[in-house]
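Coordinate inspection notes
Single-letter residue listing:
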Amino acid sequence: MTQEEALAILKSGPNVFLTGEPGSGKTHTINLYIQYLKKHGVGVAVTASTGIAATHLGGVTIHSWSGIGIKKELSKRDLVGISSKRKLVNRAEKTSVLVIDEISMLDAAVLTCINQAIKTLKNNEKPFGGLQVIFVGDFFQLPPVNREGDVKFAFESPAWDEVTPVVCY
């Protein structure tokens, strides 16, 4: 698939997993899409699984953006706490598209928490609160960051199944 074809799919609105080997143009393509969204006044959250990756896109960590911090599971109390933070609610309300770069480094449990948090922030039970979700990365490059023994990739999360992303390779 060409970068132009991937960009056309992104612009058509489905949830997408943008993948490919190193140097294939994932970052270039996602940057073009972010520019397109901003030009058209569409609220986009640019995030990544790590701080370094986030700064390369001019974004923040998904952990910070969603309000989950370092948690790998959320209680009802945690969700109430997240939803009481006006800054998080306002940010989520202004967002229509969520970009998560370096998705391969995000553990399945964390992706599940992010989905729960966004549903709570947007008061919407659709996957990721109804946002268009763009996962960017290559599962053959970097494994999930996990200090415990049971490592599961993001695509093993029920949240991944909920969004059923179109694969753009």
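Treat the numbers as computed from the prediction; the structure is a model and nothing was measured.

1. A look at the layout of surface pockets
Estimates place the volume of the second largest pocket at around 200 Å³. K26, T27, D101, E102 and Q141 are the residues nearest the centre of the second largest pocket, which is lined by 14 residues in total. Among the elements of the structure, α2 (26-39) and α3 (51-57) are those that each provide at least two residues to the lining of the second largest pocket. The residue inventory of the lining of the second largest pocket, partitioned by class, reads 3 nonpolar, 7 polar and 4 charged.

2. Looking at unusual backbone geometry
In this structure, F128 is a non-glycine residue whose phi angle is positive, near 50 degrees. Mapping F128 onto the fold places it in the loop between α7 (108-122) and β5 (132-136). A positive phi angle is found at T164, which is not glycine, with a value near 35 degrees. Its location among the elements puts T164 in the loop between α8 (158-163) and β6 (166-168). Residue T164 is classed as exposed on the basis of its relative accessible area, which comes to 58%.

3. Concerning the environment of N15
Mapped onto the fold, N15 is located in the loop between α1 (3-11) and β1 (16-18). The buried category is assigned to N15, whose relative accessible area is 18%. In this structure the C-alpha to C-alpha distance between N15 and F128, which are 113 residues apart in sequence, comes to 10 Å. When residues no more than four places from it in sequence are discounted, the contact partners of N15 are L131, Q132, V133, V163, P165 and V166. There is a polar contact of 3.1 Å between the side chain of N15 and the backbone oxygen of V163.

4. Quick word on the nonpolar core
The biggest cluster of nonpolar side chains holds 31 residues, and the ones touching the most others in it are L98, I103, L111, F128 and F135. Mapped onto this core, the elements with two or more residues apiece are α4 (62-66), α5 (76-83), α6 (86-93), β4 (97-101), α7, β5 and α8. Counting residues per element, this core draws most heavily on α7, at 7 residues. For F128, the residues in contact, after removing those within four places along its chain, are L98, L111, I114, N115, I118, K119, V133, F135, A159 and V163.

5. A word on the packing of aromatic side chains
Centre distance and the angle of the planes are the two values used to describe a pair of aromatic rings. Inspection of the entire model under this criterion finds 9 aromatic pairs. Residues F128 and F135 carry aromatic rings whose centres are separated by 6.3 Å and whose planes lie at 75 degrees to one another, so their mutual orientation is edge-to-face. When its relative accessible area of 0% is taken as the criterion, F135 is described as buried. By way of ring pairs, the aromatic residues F17, F128, F135, F139, F153, F155 and W160 are connected into one cluster.

6. Side note on the pairing of strand β2 (residues 44-48)
Among the 5 residues in β2, 5 count as buried, and that is most of the element. The two faces of β2 match: V44, V46 and A48 on one face and A45 and T47 on the other face are all buried. For β2 and β4, the ladder comprises 5 bridges, and the chain directions are parallel. Residue pairing for β4: V46 is matched across the bridge by V99. Relative to strand β3 (residues 60-61), β2 is paired through 2 bridges, and the arrangement is parallel. By the bridge assignment for β3, T47 is matched with V60. Regarding the hand of the β-α-β motif, the stretch spanning β2, α3 and β3 is right-handed.

Calculation notes
- Residues numbered from 1 in each chain as written.
- Predicted model: local features only at pLDDT ≥ 70, side-chain atom pairs only at ≥ 80, totals over all residues.
- Heavy atoms only, no water.
- 1 Å grid on protein atoms, 1.4 Å probe; cavity = no way out; pocket = protein on both sides within 12 Å on 5 of 7 lines; lining within 4 Å.
- Points joined across faces, edges and corners; volume = space filled by probe spheres on them.
- Helix = DSSP H or I, 4+ residues; strand = E, 2+ residues; numbered from the N terminus.
- Nonpolar A, V, L, I, M, F, W, Y, C, P; charged D, E, K, R; others polar.
- Buried < 20%, exposed > 50% of the residue type's maximum accessible area, 1.4 Å probe, protein only.
- Contact = heavy atoms within 4.5 Å.
- Polar contact = N/O pair within 3.5 Å; in protein donor to acceptor, adjacent residues only side chain to side chain.
- Core = buried A, V, L, I, M, F, W, Y, C linked by side-chain atoms within 4.5 Å.
- Phe/Tyr/Trp six-rings, centres within 6.5 Å; stacked < 30°, edge-to-face > 60°.
- Pairing = 2+ DSSP bridges.
- Right-handed = clockwise from strand over helix to strand, strands pointing away.

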